[in-house]
Amino acid sequence: MYLSKLFIPLLKETPSEAKIKSHQLMLRSGMIKQSSTGIYSWLPLGFKIMKKIEQIVREEQNKIGAQELLMPTIQSAEIWKESGRYDDYGEEMLRIKDRQGKEMLYGPTNEELITEIFRTSVKSYKSLPQLLYHIQWKFRDELRPRFGVMRCKEFFMKDAYSFDLNDDEAKKSYNKMFFAYLNTFKRLGLTAIPMAADTGPIGGDLSHEFVILAETGESKIYSDKRIFDIDVSAHKNEDHSIKDLRKKYDEFYAVTDNKFHKEDFEKKVKKENQLVTKGIEVGHIFYFGDKYSKPMNASVDFKGKKEFVKMGSYGVGVSRLVGAIIEAKYDDKKEIMKWPISIAPYDCAILPLINKNDNKNLEKAKKISDFLKKQNIDFIIDDTDENFSSKIKKFNLLGIPFQIMIGNKTEGDKFEFKEVNQDSKNLKVEEIAKIIKQKKN
Ligand code: 5CA
C-alpha cells in the first residue's frame, strides 16, 4: 500500500475542540471525522483499527461458547413499555415515529429485544443455558458528549445476554464473561481491572466495571494495588478455575466512586497498597436475575413448573476502546503512538527517502514489500517526497509498530529497521520478517 494512494487525511494542527490526547490524535491522524455533535464517521485508518478490536472481542466471546447474532438498531417502543423502561430511560433515548405513527427508538441497549427473541423461541429448560451476543451501533443522546469517541452519542458496542434456569447457573455465565473480558483486554494490550460498580438504568445487584487506568478517565477508582498482580493466564476456561479466579479478584478492594466508603477502604487496604486514581470504563457486566424476564414473561418449563429465566448482560465499548487504547499507549513526552501489534492498522512502515528523478529507494521499498507480503506482513510505503524527519513525525502519529528506513546510505542487503520506541538495527529483510512475525504470534 502506498501512502499517497490511501485515504488518510492528516491534519497539521491539533483541532482546538479536542481536549484529550486520544481525541486529538484520532482527528490529526485521520481516523475519524465529526459529523455532528457526538457523532463521528470512521475513516479507513480508524475503521481498520476498530474492526481488529471487534474481531478480538468476537473471538473471545466465541471461546466461551457465546453465539453471535445481529439485532437491528431501530426497536419498537412496545417492548420497552412491557419492561417498564420506556419512561425510565428519559431523554437519553432517541425516540422516533415511523410513517404510520408507530413509536420506535434507536436502541441504547438491547435487554428488551433479546428477551423478546428468547421468549418466543425457547420453551424448555433443556435449551439452557443460552449466551447470545451482537456487535452493533447504539445511540444514547448524551447530555454532554465529549472526548471524541470516548463519550459520544453513536457508538459501537458488543452486548451479550445470558439466560439460565437459576441463580447458581446464571452466576456461572456471569463468571464466564468475567473471564472472557480479562482475556479480551489482555489481547488488546491493556490491563483492565474489574471493579464492583453500580448498576444504573440496567438494573440488578451484581455488577463489575472493567476499568483501565488513565488520568483522563471519567471514573474515579479506589483499589488495592495488589489486584494488578493476579495472573489470569493461570486459569482455564472451566467453571471451577474461573470461580477461583473471581475469588482472587474479590479478595482485593476495587470499587468505583459510587461504591466507595472511606472507612471501608482504610480498614481493608493498608496505606502502602492504596491506589486512588482515575480510569476509563471499557466494559461493564451485570447480573439482574428476572428483572426483564418477569415483566416480559420470558420463562421455561422446568419439570412442569414455569420458571422465569435468570438473565445477565455484558457490554464492551468497542469504539470507545480505540480511544482508550490511545490514552493508555500514547507517549505524551515523545509524542509517539504505538499500537499493540494485535490491532495495529499495518504491521510495518517502509520509509524510503525519495530523491528527485531517482526511484532507487522506492524500488528497494517495493522489493522489500513484495517479500513482506509473501510473509503475510501488512505494510505501508511512504512514497511521498518528504524528508526523513517529516516522515518519522508523521509515522509517530500513525502508530505503526515497526519501521524500515531506506536512505541514500543504505547499501547491500541490510536495512535500518526498528520497533517504534527502540533502537534501530541493520538487518536483512528475512531477519526483519522473522522479528515481526514473532511479535504477531
Ligand atoms: N446493557 C448493558 C450491558 S450490554 C450496557 O449497556 N452497559 S453499559 O451502559 O455500561 O455500556 C457498555 C459499554 O459501552 C461501557 O462499558 C462503555 O465502554 C460503552 N459506552 C457506554 N456509553 C458510551 C458512550 N456514550 N460512548 C462510548 N461508549 C460508551
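Going by the structure above, here's the rest.
Not measured: the values here are computed from a predicted model.

Rules of the game
Every chain's residues receive numbers from 1 upward, in the order its sequence appears when written. Side-chain atom pairs in this predicted model are given and counted only at pLDDT of 80 or more, local residue features only at pLDDT of at least 70, and totals for whole chains, interfaces and linings cover all residues. Excluded from the side-chain calculations are hydrogens and water; all other atoms, namely the structure's heavy atoms, are used. Fitted lines through C-alpha atoms serve as axes, helices being fitted only where they are in contact, and the angles separating the N-to-C directions of these axes extend from 0 to 180 degrees. Each helix corresponds to a stretch of at least 4 residues labelled H or I by DSSP, and each strand to a stretch of at least 2 residues labelled E; elements are numbered beginning at the N terminus. Oblique is the label for any angle not under 35 degrees, not over 145, and not in the 65 to 115 range, which are roughly parallel, roughly antiparallel and roughly perpendicular in turn. Handedness of each helix crossing follows the sense of rotation of the near helix against the far helix: counterclockwise by less than a right angle gives left-handed, clockwise gives right-handed. The criterion used for residue contact is that any of the two residues' heavy atoms lie within 4.5 Å. In this classification, the charged set is Asp, Glu, Lys and Arg, the nonpolar set is Ala, Val, Leu, Ile, Met, Phe, Trp, Tyr, Cys and Pro, and all remaining amino acids, among them Gly, are polar. With a 1.4 Å probe rolled over the protein chains alone, any residue whose accessible area is under 20% of its type maximum counts as buried; one over 50% counts as exposed, and the rest are partly exposed. For this document, the term salt bridge refers to a Lys or Arg side-chain nitrogen within 4 Å of an Asp or Glu carboxyl oxygen. Strand pairing follows a simple DSSP-based rule, namely that at least 2 bridges must link the two strands.

### Regarding the packing of helix H2 (residues 44-63) against helix H9 (residues 318-329)
Item 1. Where H2 meets H9, the axes come as close as 9 Å, and the angle between the chain directions of the two elements is 115°. On the basis of the axis angle, H2 is roughly perpendicular to H9. The hand of the H2/H9 crossing is right-handed. Across from Ile-49, Met-50, Ile-53, Glu-54 and Val-57 in H2, the residues of H9 making contact are Val-318, Ser-319, Leu-321, Val-322 and Ile-325.
Item 2. Its residues assigned to classes, the contact of H2 with H9 comprises eight nonpolar, one polar and one charged.

### Examining the environment of Gln-61
Item 1. Within the secondary structure, Gln-61 is located in helix H2.
Item 2. Look at Gln-61 and you get buried, because its relative accessible area is 1%.
Item 3. Separated by 186 residues in sequence, Gln-61 and Lys-247 have C-alpha atoms that sit 22 Å apart.
Item 4. Dropping the residues within four chain positions of it, Gln-61 is found in contact with Ala-66, Tyr-133, Lys-158, Ala-160, Met-177, Ala-180 and Tyr-181.

### Considerations on the pattern of salt bridges
Item 1. Evaluated as defined, the whole model comprises 30 salt bridges.
Item 2. Between Lys-48 and Asp-378 there is a salt bridge whose closest N-O contact spans 2.9 Å. With a gap of 330 residues between them, Lys-48 in helix H2 and Asp-378 in the loop between helix H10 (360-374) and strand E18 (379-381) connect regions that are remote in the sequence.
Item 3. Exposure remark for Asp-378: the relative accessible area of 27% places this residue in the partly exposed category.
Item 4. Here Glu-386 ties to Lys-394 by a salt bridge, and the two come within 3.0 Å at their closest N and O atoms.
Item 5. Judged by its relative accessible area of 30%, Glu-386 is partly exposed.
Item 6. Members of the salt-bridge network, linked through shared partners, are Lys-51, Glu-54, Arg-58 and Glu-68.

### Focus: the sheet that holds strand E5 (residues 94-97)
Item 1. Read across the open sheet, the three strands follow the order E4-E6-E5; overall the sheet is antiparallel. Among the strands making up the open sheet, the edge pair consists of strand E4 (74-76) and E5. Each strand of the sheet is rotated relative to its neighbour by a mean of 40°, with strand direction disregarded.
Item 2. Alignment of E5 against strand E6 (residues 103-106), held across four bridges, turns out to be antiparallel. What sits directly across from Ile-96, in E6, is Met-104.

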